[in-house]
Amino acid sequence: QVQLVESGGGLVQPGGSLRLSCAASGSIFRINVMGWYRQAPGKQRELVASITSEGSTNYEDSVKGRFTISRDNAKKTVSLQMNSLNPEDTALYLCNVWLSQGAIMFNSYWGQGTQVTVSA
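Rules used in this analysis
Residues numbered from 1 in each chain as written. Predicted model: local features only at pLDDT ≥ 70, side-chain atom pairs only at ≥ 80, totals over all residues. Heavy atoms only, no water. Pairing = 2+ DSSP bridges. Helix = DSSP H or I, 4+ residues; strand = E, 2+ residues; numbered from the N terminus. Buried < 20%, exposed > 50% of the residue type's maximum accessible area, 1.4 Å probe, protein only. Axes fitted to C-alpha atoms, helices over the stretch in contact; angles between N-to-C directions. Salt bridge = Lys/Arg side-chain N within 4 Å of Asp/Glu carboxyl O.

Novice: I'd like to hear about the pairing of strand β10 (residues 106-110), residue by residue, with values.
Specialist: Bridge analysis of strand β9 (residues 91-100) against β10 gives five bridges, and the strand direction is antiparallel. Across the sheet, residue V97 finds its bridge partner in β10, namely Y109. Hairpin connection, β9 to β10: the antiparallel pair is bridged by five residues.

What follows is the structure, given as structure tokens:
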């Protein structure tokens, strides 16, 4: 079985920072793309940032220059440093990982989510 455990969410004032982390564990052969999504009430889930196993990154336009995604392949972790947070960043943030438990097939796994609330 595979588990994704997220941490680091919370309440922060506008302009503040938070760092989210996600650790993958279990029967894992190889990890491909790791990423963070978010879902605000009444809105669709959207990709915030992703990073490949080679370190290539992709960001949603509204977070470029404010958020930084990173990963530690040895520890099977992905982190999201979020700076200059604003109320529009308020959402449930979910970790997503594409990984294989064998030599061939990759599947998508989701964490339970960690709430980020930006409010004065």
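Novice: Can you explain unusual backbone geometry? Please cite residues and give values.
Specialist: The residue K76 is not glycine, and still its phi comes out positive at about 60°. When you line up the elements, K76 lands in the loop between β7 (67-72) and β8 (77-82). Taking relative accessible area as the criterion, K76 reaches 29% and is therefore assigned partly exposed.

Novice: How would you explain the sheet that holds strand β1 (residues 2-7) if you had to name every residue and give the values?
Specialist: The four strands lie next to each other as β1-β3-β8-β7, forming an open sheet whose pairing is antiparallel. Where the open sheet ends on each side, the last strands, each with one partner, are β1 and β7. Neighbour to neighbour, the strand axes of the sheet diverge by 15° on average, direction disregarded. Note that strand β3 (residues 18-26) and β8 share six bridges and pair antiparallel. What sits directly across from L18, in β8, is M82.

Novice: Lay out the pattern of salt bridges with the relevant residues and their values.
Specialist: Under the definition given, this model contains five salt bridges. A salt bridge links E46 to R38, with the nearest nitrogen and oxygen atoms 2.7 Å apart. Note on E46: relative accessible area 29%, which makes it partly exposed. For R38, a relative accessible area of 6% corresponds to the buried category. Here E60 makes a salt bridge to R38, at a shortest N to O gap of 3.8 Å. In this pair, E60 sits in the loop between β6 (57-59) and β7 while R38 sits in strand β4 (residues 30-39), placing the two residues 22 residues apart along the sequence. Shared partners join several salt bridges into a network, and the residues in it are R38, E46, E60, R66 and D89.

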